[in-house]
Amino acid sequence: YGIFTYDPGYQSTASCSSKITYIDGDEGILLYRGYPIEQLAEHADFIEVCHLLYYGELPSQEQKQEFDSIIRHHTMVHDQVNNFYRGFRRDAHPMASMVGVAGALSAFYPDSGDVSDPRHREISAHRLLAKVPTIAAMSYKYNTGQPFAYPKNSLSYAANFLHMMFSTPCEEYVPNPVMVRAMDRIFTLHADHEQNASTSTVRLAGSSGANPFACIASGIASLWGPAHGGANEAVLNMLEEIGDVSKIPELIERAKDKSNPFRLMGFGHRVYKNFDPRANLMRQTCHEVLNELGCQDDRLFQIALELERIALEDEYFIEKKLYPNVDFYSGIVLRAIGIPTNMFTAIFAISRTIGWITQWNEMIADPEQKIGRPRQLFLGPKKRDFVPISQRR
Ligand code: CMC
């Protein structure tokens, strides 16, 4: 098509160059700044991973302490932010309130609009990283009718999030180290995934020089869809709907039926045509958490294991190279921690905030950066002359 190529869904278009995350979809490899996801999930905590992603290197002990204390310093939101929530219906989906509140944070930090200054960009990154868990937990508290729980800065990033979710004025949440570790691992596994839909949305929004809080709101909006971050919620609903392992073959047939739009949620990936390495780590975390709770025979976990086994032996899934993705097991872990299903995608948004803001910062700092402006294949009418309304039929 003349000077440009038609590529629906950007299946073969590189929209940018990047030094952050590498994926080899055929081999099932995921590297953050060169480090395998398996090693990071095993040995690093989320704060180290955030430092690695944003600054390009794992922190020394002192650097980690400094970075951690900066993030803890920023966890609270302006008191006026509470008023936004009161404008929502009590049953508002947490992603609906998060899209609005994340974007509205730009109103509290007028300096954040100066994106040409790396120092301003860094402060915005710190603020976003620190405050997105707070606004996510506030969305949940508002849903349940409980008072908001202020962040507690003596706690780690993951423990603090669980505290803001589950503490009430009557009863303080006591962090369980296995649950905190699982939460931290979920954050790490979802932290970045190169040019996925939401990250590309953040880059596209940011390419015009827009405010970073507004750009992250656009990422949250894109993440919400069931083909992207909304899949973890959809997986759990699907497992609940199956209800019993005997119903699995019926569901598999439904997923294979071309006349039915239904898809096996938590299966398939645009880039991975082999195992998603994050799914393996998530399955392992599932075992750890359920072991700790003494419920290895959890009904939904058993259904998921059996569903995976049957699908991986099925011709259709083998031929199309459809494997479980990260979201296939993350919902079971979150449910075991006590997180309600409608918060699953909000938790994905917390994790991915560091990826979004790092990718955004890389783009703004790139001297070759241009405003994102895809072309189109026009299939509409050719030029025609205006007809006055009295003469139209
Ligand atoms: N169940 C049944 N069939 C599927 C599935 C599935 N989950 N995924 C893909 N297919 C089929 C699809 O029907 C198509 O068949 P055909 O070639 O006969 O038309 C073929 O596989 C290729 O699918 P596609 O839609 O062209 O592939 P894509 O790269 O555009 O989509 C995907 C990738 C993740 C959107 C898709 O696999 C899907 O919808 N999966 C279920 C939703 C899900 O789990 N999403 C989470 C992704 S991982 C977390 C994240 O990054 O957000």
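Being a predicted model, the structure only gives us computed values, none of them experimental.

### A short note on unusual backbone geometry
Residues other than glycine seldom take positive phi values, yet Tyr-10 does so here, at roughly 45°. On the secondary structure map, Tyr-10 appears in the segment before β1 (21-24). Phi angles above zero are rare outside glycine, and Lys-321 is one such case at about 55°. Along the chain, Lys-321 turns up in the loop between α15 (315-319) and α16 (327-337).

### Thoughts on the sheet that holds strand β2 (residues 29-32)
With respect to topology, 3 strands assemble into an open sheet ordered β1-β2-β3, the strand pairing being antiparallel. Each end of this open sheet is capped by a strand with a single partner; those strands are β1 and β3 (35-36). Pairing geometry for β1 and β2, over 4 bridges, is antiparallel. Following the sheet pairing, Ile-23 is matched in β2 by Leu-30.

### With respect to the UniProt feature "active site" (unreviewed entry) in the chain
The sites that UniProt annotates as "active site" (unreviewed entry) are His-269 and Asp-327. The greatest C-alpha distance among the residues just named is 10.7 Å, despite their covering 59 residues of sequence, which places them together in space. Tracing the backbone through its elements, the reader meets His-269 in the loop between α12 (248-256) and α13 (277-293). Dropping the residues within four chain positions of it, His-269 is found in contact with Asp-276 and Asn-325. Judged by the 29 C-beta atoms lying within 10 Å of it, Asp-327 falls in the buried class.

### Section: the domain arrangement of the chain
Partitioning the chain into structural domains gives domain 1 (31-227 + 343-365) and domain 2 (231-337). Here the C-alpha centroids of domain 1 and domain 2 sit 26 Å apart. Tallying the contact residues gives 17 residues for domain 1 and 18 residues for domain 2. Listed by contribution, the elements that provide at least two residues to the side of domain 1 that touches domain 2 are α1 (37-43), α8 (177-189) and α17 (344-365). Of the residues assigned to the side of domain 1 that touches domain 2, the class counts are 13 nonpolar, 2 polar and 2 charged.

Parameters at a glance
- Residues numbered from 1 in each chain as written.
- Predicted model: local features only at pLDDT ≥ 70, side-chain atom pairs only at ≥ 80, totals over all residues.
- Helix = DSSP H or I, 4+ residues; strand = E, 2+ residues; numbered from the N terminus.
- Pairing = 2+ DSSP bridges.
- UniProt positions renumbered as here; feature names shortened; annotations may be inferred.
- Contact = placed C-beta atoms within 7 Å.
- Buried ≥ 20, exposed ≤ 12 C-beta atoms within 10 Å, placed from the backbone.
- Domains from an automatic or database assignment.
- Nonpolar A, V, L, I, M, F, W, Y, C, P; charged D, E, K, R; others polar.

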